[in-house]
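Each chain is listed here by its residues.
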Amino acid sequence: MYRLLVLTLFVVVLAGCSISVDGSKYQQTTPPLSLEAFFVGEVKAWGIVQNRSGDVVQRFTVNIKGSMDGDTLVLDESFDYEVGEGPMQRTWRITPTGNGSYEGRAGDILGVATGTSYGNAFNFQYEMDLPVDDTTYQVAFDDWFWAMGDGTLMNRSYVKKFGLVMAEVTIFMQQQ
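Residues numbered from 1 in each chain as written. Predicted model: local features only at pLDDT ≥ 70, side-chain atom pairs only at ≥ 80, totals over all residues. Heavy atoms only, no water.

Asker: What should I look at first to understand the sheet that holds strand E10 (residues 164-175) in this one?
Answerer: Strands in a sheet are paired, the pairing made by backbone hydrogen bonds, and the direction either parallel or antiparallel. Read once around its circumference, the closed barrel built from 10 strands follows the order E1-E2-E3-E4-E5-E6-E7-E8-E9-E10, with strand pairing classed as antiparallel. Strand-to-strand twist in this sheet, taken as the mean axis angle between neighbours without regard to direction, amounts to 25°. In this structure, strand E7 (residues 121-132) lies alongside strand E8 (residues 135-149), joined through 12 bridges in antiparallel fashion. Its bridge partner being in E8, Tyr 126 is matched across the sheet by Phe 141. (Pairing = 2+ DSSP bridges. Helix = DSSP H or I, 4+ residues; strand = E, 2+ residues; numbered from the N terminus. Axes fitted to C-alpha atoms, helices over the stretch in contact; angles between N-to-C directions.)

Asker: So what exactly am I meant to see when it comes to the side chain of Ser 157 here?
Answerer: Within the secondary structure, Ser 157 sits in strand E9 (residues 152-161). Classification of Ser 157 by relative accessible area gives buried; the value is 2%. (Buried < 20%, exposed > 50% of the residue type's maximum accessible area, 1.4 Å probe, protein only.)

Asker: Explanation requested: the nonpolar core in the structure shown.
Answerer: The tendency in soluble globular proteins is for nonpolar side chains to be buried side by side. Core analysis: the biggest nonpolar cluster contains 34 residues, and Phe 39, Phe 60, Trp 92, Ile 94, Phe 124, Leu 153 and Met 173 have the highest contact counts within it. Core analysis: the second largest hydrophobic core is formed by 6 residues, Tyr 118, Trp 144, Trp 146 and Val 165 among them. (Core = buried A, V, L, I, M, F, W, Y, C linked by side-chain atoms within 4.5 Å.)

Asker: Help me out: how do you make sense of unusual backbone geometry in this one?
Answerer: Excluding glycine, most residues fall at negative phi; most peptide bonds, likewise, are trans. The residue after Thr 30, namely Pro 31, is reached through a cis peptide bond having omega 0°. Structurally, Pro 31 is set in the loop between helix H1 (2-16) and helix H2 (35-39). You will see that Asn 99, though not glycine, has its phi angle at about 55°, which is positive. Looking at where Asn 99 falls in the secondary structure, it is placed in the loop between strand E4 (89-98) and strand E5 (101-105). Asn 99 gets classed as exposed once you look at its relative accessible area, which sits at 84%. One non-glycine residue, Asp 150, lies in the positive phi region at around 50°. For Asp 150, a relative accessible area of 81% corresponds to the exposed category.

Asker: Please explain the packing of aromatic side chains as it appears in this structure.
Answerer: Geometry of an aromatic ring pair is reported as the spacing of the ring centres plus the angle between the planes. This model, assessed by the stated rule, comprises 14 aromatic pairs. Plain terms: the ring middles of Phe 79 and Tyr 81 are 6.2 Å apart, the flat faces sit at 10° to each other, and that makes the pair stacked. The burial state of Phe 79 is the same as that of Tyr 81; both residues are buried. Here the aromatic rings of Phe 122 and Phe 145 are separated by 6.1 Å at their centres, their planes lie at 50°, and the arrangement is tilted. Of the two residues, Phe 122 is situated in strand E7 and Phe 145 in strand E8; the sequence distance between them amounts to 23 residues. Comparing Phe 122 with Phe 145, the two get one shared label, buried. Every member of this aromatic cluster is reached through a ring pair, and the members are Trp 92, Tyr 102, Phe 122, Phe 124, Tyr 126, Phe 141 and Phe 145. The positively charged end of Lys 161 is found above the aromatic ring belonging to Phe 162, 4.9 Å away from the centroid. (Phe/Tyr/Trp six-rings, centres within 6.5 Å; stacked < 30°, edge-to-face > 60°. Lys NZ or Arg CZ within 6 Å of the ring centre and 35° of its normal.)

Asker: Where do I start with the pattern of salt bridges in this structure?
Answerer: Side-chain pairing between opposite charges can occur once the charged atoms of the two side chains come close. Applying the stated criterion to the full structure yields 6 salt bridges. Among the ionic pairs, Lys 160 bridges to Asp 142, the shortest N-O distance being 3.7 Å. Placement of the pair is Lys 160 in strand E9 and Asp 142 in strand E8, with a sequence separation of 18 residues. Pair check on accessibility: Lys 160 and Asp 142 agree, each one buried. Across the pair Arg 156 and Glu 168 runs a salt bridge whose closest N-O atoms are separated by 2.2 Å. Of the two residues, Arg 156 is situated in strand E9 and Glu 168 in strand E10; the sequence distance between them amounts to 12 residues. Because the salt bridges share partners, they merge into one network encompassing Glu 77, Arg 90 and Asp 108. (Salt bridge = Lys/Arg side-chain N within 4 Å of Asp/Glu carboxyl O.)

What follows is the structure, given as structure tokens:
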């Protein structure tokens with residue numbers, strides 16, 4: 001009985017360390033978010049990464065140049081870090097697959113990213129090998145975007161390992 005109680009408590013504590021956003025809550029929320037309309041052109045972004053303790057371990061800016069290649073949205077991202085280090089460049093190729101769903105690919109992303117549009121929100125999920133110091137960790141990103149209006153977008157990413165949130169990324173984006 002004691003072991004069952006300890007195991008139940010452990011599972012409850014671990015579940016509390018995970019975050020799950022319900023996209024359907026944003027289906028009727030405005031302003032509507034169109035990835036293609038927002039990202040085609042130039043976008044400037046400012047962001048931070050916080051570890052599990054809430055400490056800021058990265059602070060960065062991103063210059064994004066978006067274009068269309070047929071029905072594929074191409075995002076060329078250039079990063080500049082004020083705190084920490086990370087990738088200097090990434091190119092996303094994001095293609096609609098129907099019914100508000102998308103697939104995305106980038107050189108440092110493992111496999112195919114999957115995306116779903118929900119009114120003024122967009123969720124992107126993918127895995128990557130994330131270098132940290134002298135080690136690389138395979139992590140999952142649960143990436144959420146919310147349209148704010150006036151050419152602005154907020155992004156909140158939950159970086160997970162074994163289903164637990166290990167870090168959080170907050171990014172503010174503005175069309176230029």
